[in-house]
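Read off the chains here:
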Amino acid sequence: MTNLMLLVLLLPLLGFAILGVAGSTFSNRAVLTIAWGACGLAFLFATISFFSMLGTPVAARTSDQVLYTWVASGDFQLSFGLLLDPLSATMLMIVTGVGLLIHIYAAGYMQDDPGFWRFFSYMNFFIFAMVLLVSADNFLFLLIGWGLVGLASFLLIGFWYRRPKAVAAAKKALVINVIGDFGLMIAIFLIFKEYGVLNYNNNTGGNGVFSALNPTSSGTLLQTVIALCLFVACAAKSAQLPLYMWLPDAMEGPTPVSALIHAATMVTAGVYLVARAHPLFELAPTALTIIALIGGLTALFAASIAIFQLDIKRVLAYSTISQLGYMFMAEGVHNYSAGIFHLTTHAYFKALLFLAAGAVIHALDGEQDMRQMGGLRHKLKITFWTFLLAALAISGIPPFSGFWSKDEILSSLLAQATIHNQPLSYVLWGTGILTAGLTAFYMFRLFYGIFMGDYRGSGHSSHAQDDDDEEASHHTAGRLRIHEAPPVMTVPLVILAALSCIGGLVGSFELIGLARWEPFTKFLAPVFADVHTMVTASLGVQWTSTALSVGVGLLGILAAWRLYGRGFQYKENHNPLYQLVLHKYYIDEMLDAAIVQPILWFGRTASRLLEGDLLDAGGRAVAGGLRGTSAALRRLQTGYVRNYALAILIGVVLIILYYAVRG
Amino acid sequence: MPLSAYLIVSAIIFTIGVTGVLIRRNPLIIFMSIELMLNAVNLSFVAISSYLDSADGQMFVFIVLTVAAAEVVVGLAIIVSIFRTRRDIDVDDMNLLRG
Amino acid sequence: MTFIYTVTATDWGRIAPELVLAIMALLVMITDILLPRQGTSAKESAPTNFIILPALSLLGLAGAFAATIVLFAVGDQQTAFNQMVGSDYGSLYAYIIILSASFLGILLSPAYLKRLKLVHQGEYYALLLFATTGMMLLAAASSFLIVFLGLEMFSLALYILCGYVVRRKSSQEAGMKYFLLSSFASAFLLYGIALSYAVTGNTSFTGIRSYLSRTMPIAFPLNQPVSIFTTSSPHSPTLLLIAMGLLTVGFAFKVSAIPFQAWTPDVYDGAPAPVTAFMSVATKAAALIAFARVFDVVFQHARGDWTAIIWAIAILTIIGGNILALVQSSVKRLLAYSSIAHAGYLLIGVVVGGTVGISAILFYLLCYTFMNLGAFGIVSLLERVDNSGSTYNELRGLWYRQPTLAGLLSFFMLALAGFPPMAGFAAKYYLFYAALQGGHPELLIIGVLASVLGMYYYLRVIATMFMEKEVAVAPVAAPFPNNNNKVSGKLGDTGALTSRGAAAVAVKPATRAAAASTTKTKVAVTTENQPARIGWMSQAAIWIAAAGTMAMGTVLAFWFVQLAQQAALMMFR
Amino acid sequence: MTGVQISFFVLAVAGVASALGVIIFRNAVHCALSLILTLLFLALFYLQLGAMFIAIVQILIYAGAIMVLFLFVVTMLASEATDTELADRIPWQRWVAGILGLTLVGTLSYLLFTGTSIDSGAKATAANSLSHVVNTQGNTEAFGQALFHGFVFPFEVTSLLIIVAVLGAMVLVRKA
Amino acid sequence: MYPILSIITFLPLAGGIAILFIPKNQLAAIRWTAFAVAGVNLLQALGLILAYTQANVSSTSSVVSNAPNGTFLFNERLAWIPQVGINYSLGVDGISLLLVALTALLTVVCIAASFRIEQKVKNYMAFMLLLESGIIGVFLSTNLFLFYIFWEVMLIPAYFLVGSWGGERRIYAAFKFVLYTSLGSLIMLAGIIALGYFHQQTSGGTYTLDLATLLNSKLDPTVQLWLCLAFAAAFAVKIPFVPFHSWLPDAYSEAPAAVTAMLAGAMSKTGAYGFLRFCLPLFPSAIHTLSPLFNTLAVVGILYCALLALVQTDLKRLLGYSSISHLGVVMLGMFAFNTQGIEGSVLQMVNHGITIVALFLIVGYIEARTGTRNINDFGGQAKRLPILATVMLIATLSSLGLPGLNNFAGEFLALLGAFRSSALFGVLGTAVVVPAAWYMIRFFLDVMEGPRPTEGPVAALERRGKLPDLRFAEFLTLSPLLLLIFYIGIQPALLTYLMEPSVVNTLQNLGSAFIH
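None of these values were measured; they are calculated from a predicted model.

So, how was this worked out
- Residues numbered from 1 in each chain as written.
- Chains lettered and ligands numbered in written order.
- Predicted model: local features only at pLDDT ≥ 70, side-chain atom pairs only at ≥ 80, totals over all residues.
- Heavy atoms only, no water.
- Helix = DSSP H or I, 4+ residues; strand = E, 2+ residues; numbered from the N terminus.
- Buried < 20%, exposed > 50% of the residue type's maximum accessible area, 1.4 Å probe, protein only.
- Contact = heavy atoms within 4.5 Å.
- Areas by Shrake-Rupley, 256 points an atom, 1.4 Å probe, with all protein chains shown as cover.
- Lys, Arg positive; Asp, Glu negative; His and termini not counted.
- Charge placed at Lys NZ, Arg CZ, Asp CG, Glu CD.
- Axes fitted to C-alpha atoms, helices over the stretch in contact; angles between N-to-C directions.
- Parallel < 35°, antiparallel > 145°, perpendicular 65-115°, else oblique.
- Left-handed = near helix turned anticlockwise from the far one by under 90°.
- Nonpolar A, V, L, I, M, F, W, Y, C, P; charged D, E, K, R; others polar.
- Buried area = accessible area lost by both parts, 1.4 Å probe.
- Salt bridge = Lys/Arg side-chain N within 4 Å of Asp/Glu carboxyl O.
- Phe/Tyr/Trp six-rings, centres within 6.5 Å; stacked < 30°, edge-to-face > 60°.
- Lys NZ or Arg CZ within 6 Å of the ring centre and 35° of its normal.
- Pairing = 2+ DSSP bridges.
- pLDDT = per-residue confidence, 0-100.
- Core = buried A, V, L, I, M, F, W, Y, C linked by side-chain atoms within 4.5 Å.
- Polar contact = N/O pair within 3.5 Å; in protein donor to acceptor, adjacent residues only side chain to side chain.

**A few points about the overall build of chain E**
- The helix and strand inventory of chain E stands at 21 helices and two strands.
- Principal-axis analysis of the C-alpha atoms places the extent of chain E at approximately 75 × 55 × 40 Å.
- Expressed as a percentage of the 516 residues in chain E, the buried residues total 72%.
- Contacts in chain E between residues at least 24 apart in sequence constitute 81% of all its contacts with a sequence separation of at least 6.
- About 14,000 Å² of surface is accessible on chain E, with carbon and sulfur atoms providing 66% of the total.
- The averaged location of the 22 negative side-chain charges in chain E is 7 Å from the averaged location of its 26 positive side-chain charges.

**So, the packing of helix H12 (residues 284-311) of chain E against helix H17 (residues 423-430) of chain E**
All names here are of chain E.
- At a closest axis distance of 9 Å, the pairing of H12 and H17 adopts a crossing angle of 20°. Between H12 and H17, the interaxial angle falls into the category roughly parallel. The two elements H12 and H17 meet at a crossing, and its hand is left-handed. Residues Pro292, Asn295, Thr296, Val299, Ile302 and Leu303 of H12 touch H17, and the partners they reach there are Phe425, Leu428 and Gly429.
- Here the contact of H12 with H17 is built from residues that sort into six nonpolar, three polar and no charged.

**A few points about the interface of chain A and chain D**
- In this assembly, eleven residues from chain A lie in contact with 13 residues from chain D.
- When chain A packs against chain D, close to 1,100 Å² is buried across both sides, 77% of that on carbon and sulfur atoms.
- When the area that chain A buries against chain D is broken down by residue, the three leading residues are Arg642, Leu646 and Ile656 of chain A, summing to 40%.
- Inspection of the region where chain A meets chain D yields one salt bridge.
- Residues Arg642 of chain A and Asp88 of chain D are paired through a salt bridge, measuring 2.8 Å at the closest nitrogen-oxygen approach.

**Details of the packing of aromatic side chains**
- All told, the structure shown has 120 aromatic pairs over all chains when counted by the stated rule.
- A ring pair is formed by Phe50 of chain A and Phe51 of chain A, whose centres lie 5.4 Å apart and whose planes are at 85°; its orientation type is edge-to-face.
- Between Tyr252 of chain E and Phe360 of chain E, the aromatic rings sit 5.7 Å apart at their centres with planes inclined by 85°, giving edge-to-face as the arrangement. Placement of Tyr252 of chain E in helix H10 (residues 247-254) and of Phe360 of chain E in helix H14 (residues 339-370) is noted, with a sequence separation of 108 residues between them.
- Tyr252 of chain E gets classed as buried once you look at its relative accessible area, which sits at 1%.
- Connected via pairs of aromatic rings, a cluster forms that spans Phe147, Trp151, Phe231, Phe235, Phe241, Phe275, Phe278, Phe283, Phe294, Phe335 and Phe337 of chain E.
- Between the NZ or CZ atom of Arg118 of chain A and the centre of the ring of Phe159 of chain A, over which it lies, the distance is 4.4 Å.
- Across the ring face of Trp399 of chain C, the terminal group of Lys120 of chain E is positioned such that the distance to the ring centre comes to 4.5 Å.

**As for the arrangement of the chains**
- No other pair of the eight pairs of chains in contact has as many contacts as chains B and D.
- Regarding chain B and chain E, the two do not touch, and the least distance separating their C-alpha atoms is 24 Å.

**Side note on the pairing of strand S1 (residues 73-81) of chain E**
Residue and element names in this part refer to chain E.
- By the bridge criterion, six bridges tie S1 to strand S2 (residues 86-92) in an arrangement that is antiparallel. Residue pairing across strands places Leu73 opposite Val92, the latter belonging to S2.
- In sequence, S1 turns back onto S2 through a hairpin of four residues, with Gly85 there showing a positive phi of about 75°.

**Focus on the confidence of the model for chain E**
Residues and elements named next belong to chain E.
- Of all residues in chain E, 96% attain a pLDDT of 70 or more, and the chain-wide mean is 88.
- Ignoring residues within four places in sequence, the model shows residues 58-68, a span with pLDDT below 50, making 16 contacts including any to other chains.
- Listed scores for the predicted complex are pTM 0.90 and ipTM 0.91.

**Re the pattern of salt bridges**
- The full count for this structure, using the stated rule, is 38 salt bridges over all chains.
- Across the pair Arg89 of chain D and Asp93 of chain B runs a salt bridge whose closest N-O atoms are separated by 2.4 Å. Here Arg89 of chain D is found in the loop between helix H3 (52-76) and helix H4 (92-115), whereas its partner Asp93 of chain B is found in the segment after helix H3 (56-86) on a different chain.
- For Arg89 of chain D, a relative accessible area of 37% puts it in the partly exposed group.
- Residue Glu474 of chain E pairs with Arg369 of chain E through a salt bridge whose shortest N-O separation is 2.6 Å. Of the two residues, Glu474 of chain E is situated in helix H20 (residues 472-490) and Arg369 of chain E in helix H14; the sequence distance between them amounts to 105 residues.
- Overall, Glu474 of chain E belongs to the buried group, its relative accessible area being 6%.
- Classification of Arg369 of chain E as buried rests on a relative accessible area of 11%.
- What you see here is one network of salt bridges that share partners, running through Asp616 and Arg620 of chain A together with Arg169, Lys176, Asp250 and Arg317 of chain E.

**Things to note about the nonpolar core**
- Ranked by internal contacts, the top residues of the largest apolar core, which has 812 residues, are Phe139 and Leu280 of chain A, Phe188 and Phe299 of chain C together with Phe275 and Phe412 of chain E.
- Among the elements that make up this core, the one with the highest residue count is helix H14 (residues 354-382) of chain C (20 residues).
- With residues near it in sequence (within four places) discarded, Phe299 of chain C still touches Phe144, Ser196, Ile208, Leu212, Leu240, Met244, Leu247, Val294 and Trp306 of chain C.
- Judged by nonpolar contacts, the second largest core, of 20 residues, contains Val333, Ile409, Leu413 and Trp429 of chain A.

**What to know about the side chain of Asn643 of chain A**
- Turning to its location among the elements, Asn643 of chain A is positioned in helix H24 (residues 641-662).
- Looking at Asn643 of chain A, its side chain comes within polar contact range of the side chain of Thr638 of chain A, at 2.9 Å.
- Once residues within four sequence positions are removed from consideration, Asn643 of chain A is found in contact with Thr638 of chain A together with Ile90, Trp92 and Gln93 of chain D.

**Thoughts on the interface of chain D and chain B**
- Taken residue by residue, the interface counts 83 residues in chain D and 69 residues in chain B.
- Roughly 7,000 Å² of surface becomes buried between chain D and chain B when both sides are summed, with 75% attributable to carbon and sulfur atoms.
- The largest share of the area that chain D buries against chain B comes from Ile23, Leu49 and Phe70 of chain D, three residues that together contribute 10% of it.
- Counting the contacts that link chain D with chain B gives two salt bridges.
- Across the pair Asp90 of chain B and Arg89 of chain D runs a salt bridge, and its minimum N-O distance is 3.7 Å.

**Digging into unusual backbone geometry**
- Backbone torsion omega between Pro398 of chain A and Pro399 of chain A reads 10°, so that peptide bond is classified as cis.
- Following Ile258 of chain C, the chain continues to Pro259 of chain C via a peptide bond in cis, the omega torsion being 10°.
- Examined against the element boundaries, Pro259 of chain C turns out to sit in the loop between helix H9 (238-254) and helix H10 (263-270).
- Although it is not a glycine, Lys120 of chain E adopts a positive phi angle of roughly 50°.
- Positioned with a positive phi, Phe337 of chain E is a non-glycine residue whose angle comes to about 55°.
- Within the secondary structure layout, Phe337 of chain E lies in the loop between helix H13 (315-334) and H14.

See below:
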């Protein structure tokens, strides 16, 4: 089983290595063979592992294979092992499975791109990094995976490296992610300082962090700080407030990338980390509260921005941020499995949304602006239907997958609120409900904007001004021929649509009386066995929450239909509030002015004043002073013998006077 | 007379020599001033020798005399040779080398 | 003993090196008369003379060297001639230094004399040998009488040698200046001797030392630090104080310590380069060893009274010498200033005193001999009859024209700057070590900091040769030789100008190159101004100096430090 | 005042005055003559101090030979026998030199006046005593004894010194 | 016995001298001889590692209880000037071993990268080899005098290399470099002399400068403080610590790329090494007193230079500042006084050497192609230079501390150590990852990605199609560095294994409380 894990890890790496070294000489077909092969085999082995795990008794489902010692330094000993437990198995399935689908889809989407091989080598690399992240058995290799997925994300965002926007977005993504890395490193340092190990559990024979924890002393400052530092990493990776702003920009990357990395997998790493490190978070209730709060805020905040966005991918990006907020809310109230569940379903429908959007963009030859769309339901039938299913799923309409997971989160929140009678939890729940409505609204705004009404585009390829004139561009200017995507793209759409529909069925059916049907939670139960603080929602609470959320969702759809049902009409609106939201609350600009520019200003000023005027010029002034002294003293060397004799006499007189005075 | 009397006379003549070196511009006169200094020292030597009842001082005077003679030979030779090329003997003119 | 001392053969044996040398000097003179002449001028030598005369001189030096070695091995290390001259290890060590300097100086001479068409070869070598003899006497003197005689002897010879290039005004000027100032300073020295004689009734070192140890019994133990501000020491008689002050002046003049240094750059600059090479090292060695002997050994009991003055002079000299050297524009003059700075370092040894101080001086001098002679040796190869050839303008890009010469000059510059593993560093290290051992950390610190300044100007020479690109035209050639007065004056000025620009240099090399190219002259390059072929003797001299510089810093350091320590110990006997 | 004192003061005044003449007279010949005068006065001092041989040598060699040489050169360079008429380029030096000279002479005199003492321990004794030898053998004999016994080496060295001087004269004065 | 340490130290010197006798028009012979000499020396260094592992019986897991066996091996000792405590003595331990191997490797790489030097090749190569000799000597000396000799010896070739083969302002740069470092090292010289003196005073024995003996001396804390500062003066300039770094941007940007690479890669390590080898064990009390100061300087350097690197437009200056910043991490780790910190610090020295050399050589390649180092002249060059871009990306990522590559391993350990001993400094030091990522990625992106420049030298070259990609030989030159970037990132344990006993040994001088 664990050998399979190693294969899951290494096959994508191998694929990356082969493509990276020699990919440029391969034909597209050969590239695909390798990339699909690597990813497909990884998925296959992951699946085998998963199912063989299902076959083993619950107690024996966790395994940890130690591969080698990474470093041994004093009492800091660290070995790398592959951890396979229900949580990582779930993640692996998502990563490789969705990854495979997107690999397949991308073959069509990227068909004409000259960087075809490069794209797939990066994609394989991403799969490798993500697998490393989720299967690491210690925080350090988690950090390594964490960094490597960041790199993959960076590479893929900046895939079209001559587009200034893409490059800027890549830079932003990298830097913000490194802020997360920083948090993670500090957390790791704290963990090591406190517990002396970095392994999660004591599977390796030594100690493990989680087994070293002392549950009785919870809530200390240190534990809170550790948890918060970890969460800084999560916030950066999963685009939570205040570190979310790279994700919308990341949409500059190719759409399959957005689907895979910036929707389905990588951005959920934060959710995974909180789940993985939940014993630490359990000890820090304050931190959890903060997480829940930030999750809720982010959910609402991002959803509000999504309402007025015009770029379809950006709408989806904000929606992703918003959904990730849900997941953190769930984890904030100790319901980790709900978070992971939403992660799973979100992977399906959000990947689908992106892929469908990609199909639209593909059909419109790079057009992403909603104002240039409309009426595509006839021409892009498969896309239309799959998009609709996904939109329903995300809007929480039963029985689609999103309903199950979102419902579980919201009822958890309400249960927390009612049982502990915390006003904050009520607020959070309310936020969740409100966000659900907003989600449904902007999703269907998008849906109507794209597919309904009449085609508003000029019919000309508008996005064709590729920055690189030399690049053999496939964007040929001229009359657009709007067409459905090839099967290689639609098949993944259909598969994901199916998953979006039924993927939620592994959730809890307690609501309709089948209390024992909650396979997902049960599967993950061994991982979260130590969580005792989660409150279970009573049936009444569940019903209340569910009814409200579905109702609000429907309301949102209705509103969208009212407004945009007959097609999207863009009107200039100078309402300041509208402008505020449209411009994403001017957060980017504010950050630029408050942080980036001051730093650069400092650098430039220091460069000029400190380096130049103080140190460099100071050194030169000293040298100049000495040379000046020298030149002045040289004048004493007049060349007149009599002056020289005078100098001697002065010396004599001084010496004699010294003796006379000294006596 | 106490020894100090002779020594003071010697010091006065010595200082006159020193001053002469400093204020005269003719190398010959400068040179004479140096001779004056040497002779002043000789006076000290003889006086000390006499007061100490020791021959060393007189030996010194004798040697200094010889040395002074040799020095005069060389010094005058230098002055003469410079005079040949320069046609004037102000020491202040000799300041090619400076700085 | 004054009236009854009888000279014996052992006395002559103890001064065998001087004896050999003096006889050889006379032989050289006689040979010169016998040698064939060429051309109409009575003094123009035949080509063979360029080999025979130096060879004879070298033979004499070799003989003296051999005698020194023999004395080292079998001598009784006693003073000779009624306590006039010592033959202790200290003197012998000094002989080695002086003889080496003389040896290299003579090796450098033939090519120089030939190139500058100097006549009176025989006298040149004889004078050089007499000067050497005089220095050896000074260094070995154990009586003030010999101090004075030795000093005058080599000074007289050097006055003449400095003015040897009769066609060159600067050479005459150097001779004149040296003559006047040196006589002036000698008079002070003599006055000091007289007064010390008045106090102690003695002119021999042994006598003075034993008198002082009788009357000022609280001797300072060897190697014990003496604070410069001490007043607790027993006071010397007033006359002795004046005597020490005046003696300090005399010696400080010879070692060119500030404020008695003023003659040094002018004389070194004007004198013929081989003579400068020789005297910069040998004079300094002889005078310093005598200086150290007089103050550290003879006046040891009065240390508390003289330390402060020499301490102050040492500091002034170290700092002043280095600072003055910073903006020079000709290597020859730069080396003169650097020799002032080195004199300052050496004075640390005098201040420290004791065996450690004196052995540091001895070792430093030996190292300095090779480095400085090497550097001046190369200057002598570059120098032309109008005293040009070693300004920075002319050195620019030397690396491209004469890489070996440039390389060797940089080697010596690095050694002088105190870069290990060359001799300069070993010497400096030992001296600084002595400073600390002698309880003078402040001198260590000042010395160390001043060395940084030293690095600047030494390295600038290297930068000029290696890093500034060659000026397309052959170096500035001044009209020859008659109206060179004004020209060389101007030369100096332009040199100074460019060197002042050199500060900016570095900032804007491009403009500097432009400035340099404007100084290209239109004067035709006569054959005489071409860089000369380097005679084998000069080559040998420079390579020996290089080898010595290297070896003194590395393999030979072991022996010579040990020897210096023994020598110092013996000087205190 | 004893005769010794009177003669001392007379000689001192005359000696200092003539020495001043050396540095004051404009004409080099006058200076040289003044110097000869000083040397003569010094010789008289030597006589007063009982150094007869030295006094005679002083007159013969110094005043006689050396100063004649001086005079010879001075007259040879007759046109330049005085300081040039040109203005002094470093006029301030006069004043500085004067002040320094006065300081020096003042300090020295003070120190010598207060500090001079003859330590009996420093006096020559027994066989080294000059007066002893003078009394037994005579003044000139004593001088010779010292010169050819205890001081024979410096005497020999002096010969080398003279050779150097001769060489120098040859080199410098003969035409290049 | 085969005096391997002497041979490793002096072989390059001998080779350098031998090269001077090759006729100067035989360029190929000169180059390949230099390369061969450096290569042989690298092989020897590798052999030394092997021999060291054989000779040094130590346990892989090394925690405290085990008596460390990290003492000096292969010692060579020869009386030299024993009167003043000077001996010729060499020795190697786990720390110097790695740095020697690094130096040997970097020399090979840099000489290979210097094959396109056309002017005065002979002297250039001789100086490069002399530089190697000097640096290796610094790492191997166990007598302070000898150490100082090598310390200065490496300055001379560096001066010539910067000053003679450098760019426009080379003379200024060379002077600044030499004067700054000389000032520091002369102060250290005073310290060395004084150390021997005070040792003699306290122990009453003879004057000695042998490290082994000096380690046992019990110096007065005040004396320690001053001596430590004197030593630190030299090391702080060399590393450099922040207010003393002014020479670095100039020297690094003016020197030819391969020389800069040597300076940054190998020579700057001597400063850090000096701290570790001398300041820590010799002056334990002083170093404790001073560690807040040094830590502060390190942190200030880390952050300040990172910010400066952000706004540089000259690629080499950018790397220069980044180098200061990175070496700050090395120092921070060192002054943590625990096993992780110091091991991380040594590891980071090696890593920084590898990475910065790769980066400087890459910049050198770029400059050789385009004649410019101004970051604004570039853009989107990955199109024409895909291989160069890839290599540059790898080096960049390594430099910004991407987890999984070499720098991460070193930085992580060093910062872990730092954090362990002081959370404040640890956090501040770690914070550099953000600006580091920012400026390094700017370095890469602005050159290789983004829109093409419309004017300037690069644009002109690109228009004419005269912008060749990395040649195979150039790639080969870089390949060992790239391999190490990956290897050390994946498994740094080998290096820590080699150095651990020696690190524990060093810590023992600080007190056993620090070994963990």
